[in-house]
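So you can see what is in the structure, the chains are spelled out below.
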Amino acid sequence: MAVPLPPYFNIDPDQALAELDDPTSTAGFDAIARACARGRDDLAGRGLDETGSKTLRLFSTWEITKYLIPVAQAHFRRVLKANPDLPQGASETPGGAKWFTLDEVLRLRAYFGREGRKSKEYRPYRPEGLPAKIVSVANFKGGVGKTSTAAHLAMSAALDGYKVLVIDLDSQGSMTSIFGGRIEDEWQTVFPLIARHYAAQMQADNQTRVARGDAPIDIDDTLGEALKITASDLIRPTHWPNIDLIGAQLNLYWAEFQIPVWRMAARGWKLWDALTDRLAADGVLDDYDVIFIDTPPALGYLTINGLAAADILLVPLGASFLEFDSTGRFFDMLHSTFSSIEEGENMAARALGREGLSFEWDAVRAVVTRYDGAQQAELAALMQAYLGQTLSPHRQDFTALIGQAGESVNGIYEADYRDFNRETYVRGRQTFDATYAAFKRLLIGAWRRDERARSLEEM
């Protein structure tokens, strides 16, 4: 059989012209977008039930005792038999294995937390009286596993028993799709929270104007409407009983153009605080344990809000030279951006004798994703040598389970292990379990540090 020549040899111009389609107009983009939308709806629909909604699968006794509640299967069955008021699960066949909803698993975990061995961790560590921890997952390079990492960490935390809020700041809305969100316009995204924060600044500025005898500036209808909206108006339940969502859709990108216009009109507006302040003012930090923010693959105004809000920053990247190089530039831009904000704010603070601004994160970690140990071990070791503790020593492997789950618009924790070879499922799940374990050490350590600081303040 003849070996084909490389594509740059012997290309006939007339044949190439015959194969070329007509030029694409602006309307052509619409046709392509509509085709993608039909395909997206088709693929997303494969993960929906007969009502058109996403539902979370059931969990077997084997899975519960192996992954979710630290008890032996035999003891688990004895406890259920002795306590008929506890969830008993359902069998698909007479005498078959028992299957439970996640709601039932959470109830069972609470029971074991009260009645089980004190030496075992049935419920996750969570100091009382401290606010939720906000976790932003960011990198301005696309395709690094940012959304996948954020989604799986949110699912892991939910399986661990935490109450989770997911905030999608990416107008592509991939995180929203994973959690089955249906967002009609920008007024169902974080946009009205940011607009409300700006409107409050305008109200404060108007009070100052009136006090010095100047006419106030009119607050337009958009800002007036935003003043009526709170975070609870935007938060949507998902098919996970302990994961809620503030979703995103394409119109959210408009915020990237509107925010700088507002900033020019009100130079004193601290736009980077908008999301944090509104979440705190609306009690969101008290209602949840962990809040995950998925940011756009760009260092725009929405990303700055997500980064400024974060207690923990995770930066996914692949073990390749280009991604390592790009991530280094991302950190360089973070330094330039936030040091510039601090410099501008502190210049004014010094003039007024006020305390200066200083951004601080509990922990910052880069996380290697889509890792292939056979091909990338040497480069990953080199990256570790240069980044040190900033690079998590855990590498998130890419396995067949991850690819197959992605094809059905599900996270791996939503995949029914019976659809896979048991070994494939265990190996695929293990890499994300290890990712969550590394993250949870950061989470618990940060909470513990806050707890000790509070104790010292109370002494």
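Now for a quick tour of the structure. Small disclaimer: the values here were computed from a predicted structure and weren't measured.

### Side note on the overall build of the protein
Move 1: Counting secondary structure elements, the protein contains 18 helices and 11 strands.
Move 2: Here the C-alpha radius of gyration of the protein, 25 Å, is about what a compact globule of 459 residues would show, namely 23 Å.
Move 3: By principal-axis analysis of the C-alpha atoms, the protein measures approximately 85 × 80 × 50 Å.
Move 4: For the protein, the residues scored as buried account for 46% of the 459 residues in total.
Move 5: Residue pairs at least 24 apart in sequence account for 78% of intrachain contacts in the protein once pairs closer than 6 positions are excluded.
Move 6: If you average the places of the 49 positive and of the 63 negative side-chain charges in the protein, the two averages end up 9 Å apart.

### Section: the side chain of T189
Move 1: Its location among the elements puts T189 in the loop between α7 (174-178) and α8 (191-211).
Move 2: A residue is classified by how much of its surface remains accessible, and T189, at 0% relative accessible area, is buried.
Move 3: Separated by 2.6 Å, the side chain of T189 and the backbone oxygen of E186 make a polar contact.
Move 4: Not counting chain neighbours up to four residues away, the residues in contact with T189 comprise I183, L234, I246, G247, A248, Q249 and L252.

### Some words on the packing of aromatic side chains
Move 1: Scanning the entire structure with this criterion turns up 22 aromatic pairs.
Move 2: Ring plane angle 15 degrees and centroid distance 6.3 Å describe the contact between F76 and F112, whose orientation is recorded as stacked. Residue F76 is located in helix α4 (residues 73-82), and its partner F112 is located in helix α5 (residues 102-115); the two are separated by 36 residues in the primary sequence.
Move 3: Under the relative-accessibility criterion, F76 is labelled buried at 1%.
Move 4: Note on F112: relative accessible area 2%, which makes it buried.

### Focus: the sheet that holds strand β1 (residues 59-60)
Move 1: Overall, antiparallel pairing links the three strands, which are arranged β1-β3-β2 in an open sheet. The open sheet has two edge strands with one neighbour each: β1 and β2 (90-91).
Move 2: Strand direction decides the pairing type here: β2 and strand β3 (residues 98-100), joined by two bridges, are antiparallel. Residue pairing across strands places S91 opposite K98, the latter belonging to β3.
Move 3: Sitting on the sheet, α5 touches β1 and β3, and the angle it makes with β3 is about 95 degrees.

### Section: a nonpolar patch on the surface
Move 1: A cluster of nonpolar side chains, namely Y253, W254 and F257, defines an oily patch on the protein surface of about 350 Å² accessible area.
Move 2: Structurally, W254 can be placed in the loop between β7 (243-246) and α11 (255-265).
Move 3: On the basis of relative accessible area, W254 is assigned to the partly exposed category, the value being 38%.

### Describing the packing of helix α3 (residues 61-68) against α4
When two helices pack together, their arrangement is given by the angle between the helix axes and by the axis-to-axis distance.
Move 1: Interaxial distance between α3 and α4 falls to 10 Å at its minimum, and their mutual angle equals 115 degrees. Considered as vectors, α3 and α4 are oriented roughly perpendicular to each other. Handedness of the α3/α4 crossing: right-handed. On the side of α3, the interface is formed by T61, W62, I64 and T65, while α4 contributes Q73, F76 and R77.

Conventions used here
The numbers attached to residues start from 1 for each chain and follow its sequence in the written order. Only residues with pLDDT of at least 70 are given local features in this predicted model, and only at 80 or more are side-chain atom pairs given and counted; all residues enter the totals for whole chains, interfaces and linings. Hydrogens are left out, water is left out, and the side-chain values use all remaining heavy atoms of the structure. Each helix is a run of DSSP H or I of at least 4 residues and each strand a run of E of at least 2, with the numbering of both proceeding from the N terminus. Radius of gyration here is computed from C-alpha atoms only, and the compact-globule reference equals 2.2 Å multiplied by the residue count raised to the power 0.38. Whether a residue is buried, partly exposed or exposed follows from its accessible area with a 1.4 Å probe, protein chains only, as a fraction of its type maximum: under 20%, in between, or over 50%, in that order. Whether two residues are in contact is decided by their heavy atoms: any pair within 4.5 Å suffices. The charge count includes Lys and Arg as positive and Asp and Glu as negative, but it does not include His or the ends of the chains. Every charge is mapped onto a representative atom, which is NZ of Lys, CZ of Arg, CG of Asp or CD of Glu. Throughout this description, a polar contact denotes any pair of N or O atoms lying within 3.5 Å of each other; where both atoms belong to protein, one of them has to be capable of donating a hydrogen while the other can accept it, and for residues adjacent in sequence the pair is counted only when both atoms sit in side chains. Between the rings of Phe, Tyr and Trp (Trp by its six-membered ring), a pair exists once the centres lie within 6.5 Å; its type follows the angle of the planes, with under 30 degrees stacked, over 60 edge-to-face, and the other angles tilted. At least two bridges found by DSSP between two strands is the condition for calling them paired. Structural elements are reduced to axes, namely lines fitted to C-alpha atoms, with helices fitted over the stretch in contact, and the angle between N-to-C directions of any two is expressed from 0 to 180 degrees. Nonpolar side chains (Val, Leu, Ile, Met, Phe, Trp, Tyr) within 5 Å and like charges within 9 Å form the patches, drawn only from residues with over 30% relative accessible area and no salt bridge. Note that accessible areas follow from Shrake-Rupley with a 1.4 Å probe, and for residues the cover is restricted to the protein chains shown. We count a salt bridge whenever a side-chain nitrogen from Lys or Arg sits within 4 Å of a carboxyl oxygen from Asp or Glu. Roughly parallel refers to an angle under 35 degrees, roughly antiparallel to one over 145, roughly perpendicular to one between 65 and 115, and oblique to any angle outside these ranges. Should the near helix be turned anticlockwise from the far one by less than a right angle, the crossing is left-handed, and should it be turned clockwise, the crossing is right-handed.

Limitation: the analysis is restricted to geometry and does not speak to function.
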